[in-house]
Amino acid sequence: MRTAKRALVVALLTTIAGAALSPAQASAAATFLSKFGTTGTNLGQFDRPRGIDVGPDGRIVIADQFNERIQTVNPDGGGAVAFGTGGAGQDQFSRPSGVAILPGGLLAVSDTLNNRVKIVKTDGTFVRQFGNGADPNPTGDPRGLAYDPFMDDLLIANSSGNSVQRRELDGTFISQVPVPGAIPNAVAVQADGDFVVAEFDLDRVEEFSPAGVSKSIIGTSGNGDGQLNAPTGVDIAPNGDIWVADSANNRIQRFTPGGAFVEKFGLSGVADGEFNTPRTLAVDCRGNVWVTDSMNDRIQRLGEPGTKLPPCDTTAPETTITKKPTKKHRKRSIVRFESSEPGSAFTCLLDGSDGHPCASPQNYADLKPGRHTLSVAATDAEGNTDTSPAETRFFLKKKR
């Protein structure tokens, strides 16, 4: 059941993404928007920040690596809260380098030099840990983390193990994808359920299916457009674009979901929009790109001019089918449906075929006699899609 539901949701999301403008058309060039942070140990200060994630409420979580703590801040850099100290204890970290926001008010943290992943509450309260000690599937030098909303589990860039692990949120090991010679540094989940990995030693980003089958490669070694040098961060924008922290080139690059180069941003320096070893990045629900400008001990925000800050509406609409076709076979089989949120767009899947944009009333002409199944999902103006689509089954009689 879980697999069937996931397949339906992925089909709907893929159709919605495909119906939109191409990312190059839909997005203007990125520009510097804001920054926060200075060097130090006080709240709101950093020492080589690395991992970063942004919640739909706008709260930003940062792995303050050399201060060996986690900080959470508001989008303007204010309201900083920190937890953790250096060490190997339950509430301590050693060079934490990855963070991921999980459901239920939880965070995952890569406690890198302690070779473990910790699950904590947003205030730092310890919940569990896994990957070290007697764990039969150790997490060696774990770096980037990503929550997979399709499977409700966690992906871990297991850098010294040259692999990506998939685990349940309780730490139960599920699978491991070998990435030989890559030193994977970051991982992100795409809208179709595939995931991408920033491969530090191979100067590329690799795309995998949910089952871990390699599908495509983005980038080659170098400093030209679309080339990479020691990439350490990757994330996916709401429109599907792939953003990469091209660390040793001191810049950020953007690619289409298919891997085509779109743009580059930044160069070496300390001015606004310049970088000194950008380690990781996170794209929020409005498309802002938050970059850990690690050796400059600050966070920079990139995006289109005028891009708003979170929070965002993350509540999906509910879809209802209000009328299904009658049993009598006709030239027209009309279905009516509605959304709980006015102005929603709809995607329909008929008899397991590829989804297509649709509107109520939807007419299916000349359907064959027999049983049919129609699923309909609404997507609101914020891009939230109903992941429990409305479904109806109907039977059309043969003509006499």
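Here we summarise the structure given alongside this text. Quick caveat, the model's predicted, so the values are computed rather than measured.

### Focus on the overall build of the protein chain
Each helix and strand in the protein chain was counted, giving two helices and 35 strands. Taken over the C-alpha trace, the protein chain has a radius of gyration of 23 Å; the compact-globule value for 400 residues is 21 Å, and the two agree within 12%. Considered along the principal axes of its C-alpha atoms, the protein chain spans approximately 80 × 50 × 40 Å. Relative to all contacts within the protein chain whose residues are 6 or more apart in sequence, the contacts with residues 24 or more apart total 48%. Split by element, the accessible area of the protein chain, about 17,100 Å² in all, is 50% carbon and sulfur. Of the side-chain charges in the protein chain, 41 are positive and 45 negative, and the distance between the mean point of each set is 12 Å.

### Considering the sheet that holds strand 26 (residues 278–283)
Across the sheet, which stays open at both edges, the four strands sit in the order 1-28-27-26 with antiparallel pairing between neighbours. Every interior strand has two partners, whereas the edge strands, strand 1 (31–36) and strand 26, have only one. Going from strand to strand, the sheet's axes swing by 25° on average, the running direction of each strand aside. Direction of pairing for strand 26 relative to strand 27 (residues 289–293): antiparallel, over a ladder of four bridges. Counterpart to V283 in the pairing with strand 27 is V289.

### Some points on the side chain of T392
With respect to the helices and strands, the residue T392 is situated in strand 35 (residues 390–396). When near neighbours in sequence (up to four residues on either side) are disregarded, T392 contacts I321, K324, H372, T373 and L374.

### Description of the packing of aromatic side chains
Scanning all chains against the criterion turns up seven aromatic pairs. Judged by centre distance (5.4 Å) and plane angle (20°), the rings of F195 and F208 are stacked. With F195 in strand 19 (residues 195–199) and F208 in strand 20 (residues 204–208), this residue pair connects regions lying 13 residues apart in the sequence. As far as burial versus exposure is concerned, F195 and F208 are alike and both buried.

### A few points about the side chain of Q165
Here Q165 shows up in strand 16 (residues 163–168). One polar contact links the side chain of Q165 to the main-chain carbonyl oxygen of N137, over a distance of 3.2 Å.

### A look at the environment of V234
Inspection of the secondary structure assignment puts V234 in strand 22 (residues 233–236). On a C-alpha basis, the gap between V234 and A282 in space is 7.6 Å, while along the polypeptide they are 48 residues apart. Beyond its immediate sequence surroundings of up to four residues, V234 is in contact with A186, V187, A188, V196, A198, V205, I242, W243, V244 and L281.

### Quick word on the pattern of salt bridges
For the coordinates displayed, the defined rule picks out 18 salt bridges. R254 is paired through a salt bridge with D241; the nearest N and O atoms lie 2.5 Å apart. Remark: D241 occurs in the loop between strand 22 and strand 23 (242–246) and R254 occurs in strand 24 (residues 251–255); sequence separation between them is 13 residues. Shared partners join several salt bridges into a network, and the residues in it are D148, D153 and R166.

### Quick word on the state of the cysteines
Considering all chains together, one arrives at two disulfides under this definition. Paired through a disulfide, C285 and C312 show a sulfur-sulfur distance of 2.0 Å. Note on the C285 and C312 pair: the S-S dihedral is about 85°, so by sign convention the disulfide is right-handed. Remark: C312 occurs in the loop between strand 28 (298–303) and strand 29 (319–323) and C285 occurs in the loop between strand 26 and strand 27; sequence separation between them is 27 residues. You can call C285 partly exposed: its relative accessible area is 29%. Residue C312 is classed as buried on the basis of its relative accessible area, which comes to 12%. When the cysteines of the protein chain that form disulfides are numbered from the N-terminus onward, they connect as 1-2, 3-4.

### A closer look at unusual backbone geometry
Of note, the amide linkage connecting P310 to P311 takes the cis form, showing an omega dihedral of 20°. Relative to the assigned elements, P311 resides in the loop between strand 28 and strand 29. Following S360, the chain continues into P361 via a peptide bond in cis, with omega recorded as 0°. Relative to the assigned elements, P361 resides in the loop between strand 32 (356–358) and strand 33 (362–365). Of note in the backbone geometry, D141 takes a positive phi value of approximately 50° without being a glycine.

### Overview of the nonpolar core
Core analysis: the largest hydrophobic core is formed by 13 residues, its most contacted members being F337, F346, C348, Y364, L367, L374 and V376. Where this core is concerned, the elements lending two or more residues are strand 30 (332–339), strand 31 (345–350), strand 34 (370–379) and strand 35. When near neighbours in sequence (up to four residues on either side) are disregarded, F337 contacts T320, I321, T322, F346, C348, C358, A359, S360, Q362 and V376.

### Concerning the pairing of strand 24
If a strand is regular, its side chains alternate between the two faces of the sheet. Of all the five residues making up strand 24, five are buried; the element is thus mostly covered by neighbouring parts of the structure. Every second residue of strand 24 is oriented toward a common face, with R251, Q253 and F255 on one face and I252 and R254 on the other, all of them buried. Here five bridges tie strand 23 to strand 24, and the two strands are oriented antiparallel to one another. Residue pairing in the sheet places W243 in a bridge with R254 of strand 24. Hairpin remark: strand 23 followed by strand 24, antiparallel, with four residues in the connecting loop; positive phi at N250, about 50°. Across four bridges, the pairing between strand 24 and strand 25 (residues 261–265) is antiparallel. Along strand 25, the bridge assignment pairs I252 with F265. Between the end of strand 24 and the start of strand 25, which pair antiparallel, lie five residues, with G259 showing a positive phi angle near 95°.

Rules used throughout
- Residues numbered from 1 in each chain as written.
- Predicted model: local features only at pLDDT ≥ 70, side-chain atom pairs only at ≥ 80, totals over all residues.
- Heavy atoms only, no water.
- Helix = DSSP H or I, 4+ residues; strand = E, 2+ residues; numbered from the N terminus.
- Rg over C-alpha atoms; globule rule 2.2 N^0.38 Å.
- Contact = heavy atoms within 4.5 Å.
- Areas by Shrake-Rupley, 256 points an atom, 1.4 Å probe, with all protein chains shown as cover.
- Lys, Arg positive; Asp, Glu negative; His and termini not counted.
- Charge placed at Lys NZ, Arg CZ, Asp CG, Glu CD.
- Pairing = 2+ DSSP bridges.
- Axes fitted to C-alpha atoms, helices over the stretch in contact; angles between N-to-C directions.
- Phe/Tyr/Trp six-rings, centres within 6.5 Å; stacked < 30°, edge-to-face > 60°.
- Buried < 20%, exposed > 50% of the residue type's maximum accessible area, 1.4 Å probe, protein only.
- Polar contact = N/O pair within 3.5 Å; in protein donor to acceptor, adjacent residues only side chain to side chain.
- Salt bridge = Lys/Arg side-chain N within 4 Å of Asp/Glu carboxyl O.
- Disulfide = S-S within 2.5 Å.
- Core = buried A, V, L, I, M, F, W, Y, C linked by side-chain atoms within 4.5 Å.

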